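Here are the chains, one letter per residue:
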Amino acid sequence: MAGSAQKIVPHLWFDTQAREAVAFYISLFPDSRLIHTRTLHDTPSGDCDVVSFELWGQRFQAINAGPLFTFSPAISFMVNFDPLNFGDAPSPEQAAKQSLEAAWNKLCEGGTVLMPLDEYPFSRCYGWVQDRYGLSWQLILIDPKGEPRPPILPSLLFVSDNHGNAEDASSFYLDVFRNSHRGRLVRYGADQAPDVEGTVMFTDFMLEDCWFTAMDSAHPHGFAFNEAVSFMVNCEDQEEIDDYWAKLSAVPEAEQCGWLKDQYGLSWQIIPARLDDMLRNGTEEQVANVTRAFLQMKKFDLAALEKAYQAS
């Protein structure tokens, strides 16, 4: 999944702290690095830093773009500490647990604990925390005998008006994306009120080699999906852009600069994979031309972006 070949890339929206936050996240997890930073000038939010990075081998992108959106626990990142990833240690499970605890302690500094680090029926060590920047993380020690999963998985929590939609939404995404399949699906029982029998206690599913988790919760929550976390879909050509746009966009007023919102309120960015190369390797003039071009678009027009790039 590492590098530019990753099809779906989580995107994090910060006010001004993207560079600082990315440096912090890179310090937490193994196999993590800064890839590239570029500043886009003269956007509606002023000058915006765009930061590409990897956490535990998974590609992410962050942006400084003003105080428009605030992170919500409805989208968190589940971090799997698998003893198999610590096989060189004398005690892999102990090493995994110690690594989890070290990351937990750092994430808690200036953050808010949503579920304390403890033993639960589903894990010998699990905790859920909202860090100093507002982003939510679920850290879990997993059973190495289970089916392998990547270290970091975006996790979707369906609450309030979205409650009960976890199964329908995950099935919808499985239909939209290629190279996709469902993993586990566990439902609530009759004795787990206020959660509703038959709704999703936990499911995981793979979309284009990117694993997600999802669950329903009937408990009172004052949050929902928003644009602070979105998912970039790297497309090879205009036909692929058009296809994902037609299948996913359900809120016309949310369409802007390649962004859309689906019927469940989740935000996606449908972008040409070529755009990363333009912004990363172009001259200042080329980047400025491309930025001016895409700021006028809703759905991206790859030919128009190429024309703007070549205009200098």
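Residues numbered from 1 in each chain as written. Predicted model: local features only at pLDDT ≥ 70, side-chain atom pairs only at ≥ 80, totals over all residues. Heavy atoms only, no water.

(A) Seen up close, the packing of aromatic side chains. Applying the stated criterion to the full structure yields 29 aromatic pairs. Relative to Trp 268, the ring of Phe 231 has its centre 5.7 Å away and its plane inclined at 50 degrees; by these criteria the two rings are tilted. One end of the pair, Phe 231, is in strand β13 (residues 229-235); the other, Trp 268, is in strand β15 (residues 267-272), and 37 residues separate them in sequence. Both residues of the pair, Phe 231 and Trp 268, count as buried. Arg 149 extends its terminal NZ or CZ atom over the ring of Trp 211, reaching a point 3.7 Å from the ring centre. Cation over ring: Arg 274 sits above Tyr 309, and NZ or CZ is 5.0 Å from the ring centre. (Phe/Tyr/Trp six-rings, centres within 6.5 Å; stacked < 30°, edge-to-face > 60°. Helix = DSSP H or I, 4+ residues; strand = E, 2+ residues; numbered from the N terminus. Buried < 20%, exposed > 50% of the residue type's maximum accessible area, 1.4 Å probe, protein only. Lys NZ or Arg CZ within 6 Å of the ring centre and 35° of its normal.)

(B) Broad picture of the nonpolar core. Counting residues in hydrophobic clusters, the biggest one holds 67 residues, and the most contacted among them are Leu 12, Tyr 25, Phe 81, Trp 137, Tyr 173 and Trp 268. Residue contacts for Tyr 25: discarding those within four places in its chain leaves Leu 12, Phe 14, Leu 55, Asp 131, Tyr 133, Leu 135 and Trp 137. Counting 21 residues, the second largest nonpolar core, distinct from the first, contains Val 50, Ala 65, Leu 305 and Tyr 309. (Core = buried A, V, L, I, M, F, W, Y, C linked by side-chain atoms within 4.5 Å. Contact = heavy atoms within 4.5 Å.)

(C) Structural view of the environment of Val 196. Take Val 196: it is sitting in the loop between β10 (181-187) and β11 (200-207). Classification of Val 196 by relative accessible area gives partly exposed; the value is 39%. Sequence spacing of Val 196 and Met 206 is 10 residues, and the spatial spacing of their C-alpha atoms is 25 Å.

(D) Molecular detail of the environment of Ser 249. Counting through the fold element by element, Ser 249 comes out in the loop between α4 (238-248) and β14 (259-261). Separated by 50 residues in sequence, Ser 249 and Lys 299 have C-alpha atoms that sit 10.0 Å apart. Leave out the neighbours within four places in its chain, and Ser 249 touches Tyr 244, Glu 255, Leu 260 and Lys 261. In this structure the side chain of Ser 249 is engaged in a polar contact, spanning 2.5 Å, whose partner is the side chain of Glu 255. (Polar contact = N/O pair within 3.5 Å; in protein donor to acceptor, adjacent residues only side chain to side chain.)

(E) Seen up close, unusual backbone geometry. Between Ala 193 and Pro 194 the backbone carries a cis peptide bond, its omega angle lying at 10 degrees. Structurally, the position occupied by Pro 194 is in the loop between β10 and β11. For Asp 31, which is not glycine, the phi dihedral falls at a positive 55 degrees. Along the chain, Asp 31 falls in the loop between α1 (18-28) and β2 (33-43). Positive phi values are uncommon outside glycine, yet Cys 257 reaches one of about 50 degrees. Here Cys 257 is to be found in the loop between α4 and β14. A residue is classified by how much of its surface remains accessible, and Cys 257, at 15% relative accessible area, is buried.

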